[in-house]
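# Observations on chain architecture
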Amino acid sequence: MSADPSSSTSRTVAVIGAGPVGCLAAMAFAKRGWRVEIYEGRADLRLPESRANLALRSINLAISHRGIVALQAVNSAAADRFLADAIPMHGRMVHTTAGKEETIYYDRDHQHINSIDRAVLNQGLLDELFFRHKVQNIDFDGKKMTARDLETGRDVEAHFDLCIGADGSYSVVRRQMMRVMRMDFQQTYMKDEYMELRMPSGVGASGESTFLLHPNRLHIWPRHSFMLIALPNKDKTFTCTLFAPSTEFDKLDTVDKFLSWFEHHFPDAHRHIGADALAKDYSRNPRCPLICTTSNPYHYKDRAIILGDAAHAMVPFYGQGLNCGLEDVRVLSALLQAEGITSDKTSEDPTIVDPRLAHALAYYSEHRHEDLVAICDLAQNNYVEMRHDVTSPMFLFKKAVDNV
Ligand code: FAD
């Protein structure tokens, strides 16, 4: 596989991880004329079993202006495709235990966030990927790495000029970087976990499928120490996510206990999803941990950088994890442009550092960190707002006044 990049006059970037951040990074570097190789541990996302695995891990996401601007900057066709598939959500719809619904608009100008399918961003790039190749070891000073071909079990060596770690919160690239550089790293598990549940579509008067809840809202059932949320999908279903402390989940150790607990706290959602579907999801779907990580710096010399969740995993309550990851790509791309860094190889010798590229990566680390720490903190705070504050009359009053 890996052609030795010394045979090419263009620099090679190895992108590790074909999640949305890795895909956007690949697009950004391809646009700048680099040779791009993407290594992804999972199977081809177009295969049905891969879609099924993906579905166990939040099928949809809220993408805001931040993410859209990043997409537009890198690839406006991808941004158009993505917007065509998105469902706008103009505000939160708060559901009380008594079944009352109240919309809190995001702002007076009716700006909105968008519910999108997680897989949309990965489409269009699939032919350029090495699927089922799990990166194991990276020799940054030699600019080479080993990936295991999971089909054959064989290890293959690949060379790069720049290695981008977009391999998620448990990043191997980050771990490998920490062996050769001084990177501060912090990881925290939240007391809460989440589980995904699916709300089916309804049937309209003429037999057509319909949304069971308002489609243009982010639905929240705040219950102080836990909450349920729901985001709309194109097929008129909703993906619901139940967030609760591990101790609360521990108490629900049988399906019957879970069903009666769910019906007590979320009677309308219980009705819409139905006991059978709920029981199935509860038995089948995993309880997933919520992890928060921070790293600093994000780069090593002129040859490695981590982006997206590999660099900063945050709790999902601000809906900004992926948005920030996409923004990482936009910011890095703009810096390379500003520094006039082209795809032309500067040296064949891995011991020689390209000072301009090293400077651009260092500038990225230095200037991106404060923003990322701030948004991780905002995400933490927003959990309290979503599960508790939105139930307070004073909060609703203030929001109403703001939006006049
Ligand atoms: P990932 O999506 O984790 O992709 C990493 C990829 O790397 C994977 O495909 C993995 O298979 C691959 N990989 C890992 N190790 C290796 C290896 N050694 N070799 C090769 N490949 C490897 N964000 C938002 O902006 N809005 C939301 O509404 C939102 N909702 C969320 C809801 C939940 C419940 C959760 C948990 C998160 C949510 N997020 C949201 C955050 C968002 O999911 C992440 O920020 C985003 O997926 C990060 O993308 P990524 O490409 O950096 O990493």
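For the structure given in this document, a descriptive report is provided here. Small disclaimer: the values here were computed from a predicted structure and weren't measured.

Tallying secondary structure elements over the protein gives twelve helices and 21 strands in all. Per-residue burial for the protein yields a buried fraction of 52% across its 404 residues. Here the analysis covers contacts within the protein between residues at least 6 apart in sequence; of these, 71% occur between residues at least 24 apart. Total accessible area on the protein stands at roughly 18100 Å², and carbon and sulfur atoms take up 51% of it.

Before going further, it helps to spend a moment on the sheet that holds strand β9 (residues 133-139). Taken together, three strands build an open sheet; the order of strands is β9-β10-β11 and the sheet is antiparallel. In this open sheet, the two edge strands, each paired with only one partner strand, are β9 and β11 (155-159). With direction set aside, neighbouring strand axes in the sheet form an average angle of 30°. With six bridges connecting them, β9 and strand β10 (residues 144-149) associate as antiparallel partners. Across the sheet, V135 pairs through a bridge with A147, a residue of β10.

What follows covers the site of the ligand. Around the ligand, the structure places 29 residues, and the nearest of them are E40, A62, R118, D309 and L322. At 3.0 Å, a side-chain N or O of R42 approaches an oxygen atom of the ligand. Contact between the ligand and G321: an oxygen atom at 3.4 Å from a main-chain N or O atom of the residue. When the ligand is considered free in solution it has 1000 Å² of accessible area, and contact with the protein chains removes 89% of it. Contributing elements (two or more residues each) for the shell around the ligand: α1 (20-31), β3 (60-63), β9 and α10 (321-338). Partitioned by chemical class, the residues of the shell around the ligand number twelve nonpolar, ten polar and seven charged.

Taking 1.5 Å per residue, 33 residues should reach 48 Å; helix α11 (residues 355-387) reaches 48 Å between its end C-alpha atoms and fits that length. If you look at α11, its biggest bend is around 40°, right at R368. By the N-cap criterion, in which a side-chain oxygen at the helix start approaches the backbone nitrogen of a residue two or three places on, α11 is capped by D354, the distance to R356 being 3.0 Å.

So, about the nonpolar core. In terms of nonpolar packing, the biggest core is built from 87 residues, with F29, F140, M145, I164, M177 and L307 touching the most fellow members. In terms of residue count, the dominant contributor to this core is α11 (ten residues). Here I164 is in contact with V13, A14, V15, I16, A25, F29, I305 and L307, once residues within four sequence places are set aside. Formed by 24 residues, the second largest nonpolar core is a distinct cluster that contains A230, F249, F266 and A279.

Conventions and cut-offs
- Throughout this description, residue numbers start from 1 for each chain and increase along the sequence as written.
- With the structure being a predicted model, the display of local features is reserved for residues of pLDDT at least 70 and the display and counting of side-chain atom pairs for 80 or more, all residues being used for whole-chain, interface and lining totals.
- Note that the side-chain values use all heavy atoms of the structure and ignore hydrogens as well as water.
- Helix and strand assignments follow DSSP, with helices taken as H or I runs no shorter than four residues and strands as E runs no shorter than two, numbered in order from the N terminus.
- Residue burial is assigned from relative accessible area. The probe radius is 1.4 Å, only protein chains are included, and a residue is buried under 20% of its type maximum, exposed over 50%, and partly exposed in between.
- Residue contacts are defined here by distance: any two heavy atoms, one from each residue, within 4.5 Å place the two residues in contact.
- Only the protein chains shown count as covering a residue, and every accessible area follows the Shrake-Rupley method with a 1.4 Å probe.
- Any two strands with at least two DSSP bridges between them are considered paired.
- To obtain an axis, a line is fitted to C-alpha atoms, over the contacting stretch when the element is a helix, and the angle between two such axes runs from 0 to 180 degrees between their N-to-C directions.
- Residues are classed as near a molecule or strand on a simple rule: at least one heavy atom within 4 Å of it.
- Between N or O atoms, a polar contact is any pair within 3.5 Å; within protein, one atom must be a potential hydrogen donor and the other a potential acceptor, and residues adjacent in sequence are included only when both atoms are from side chains.
- Under the grouping applied here, Gly and all other residues not named as nonpolar or charged are polar, the nonpolar ones being Ala, Val, Leu, Ile, Met, Phe, Trp, Tyr, Cys and Pro and the charged ones Asp, Glu, Lys and Arg.
- By definition here, a helix of n residues has an expected span of 1.5 Å times n minus one.
- We define the bend at each residue as the angle formed by axes fitted to the 7 residues ending at it and the 7 residues starting at it.
- For this analysis, a nonpolar core means a set of buried residues of the types Ala, Val, Leu, Ile, Met, Phe, Trp, Tyr and Cys, connected via side-chain atoms within 4.5 Å.

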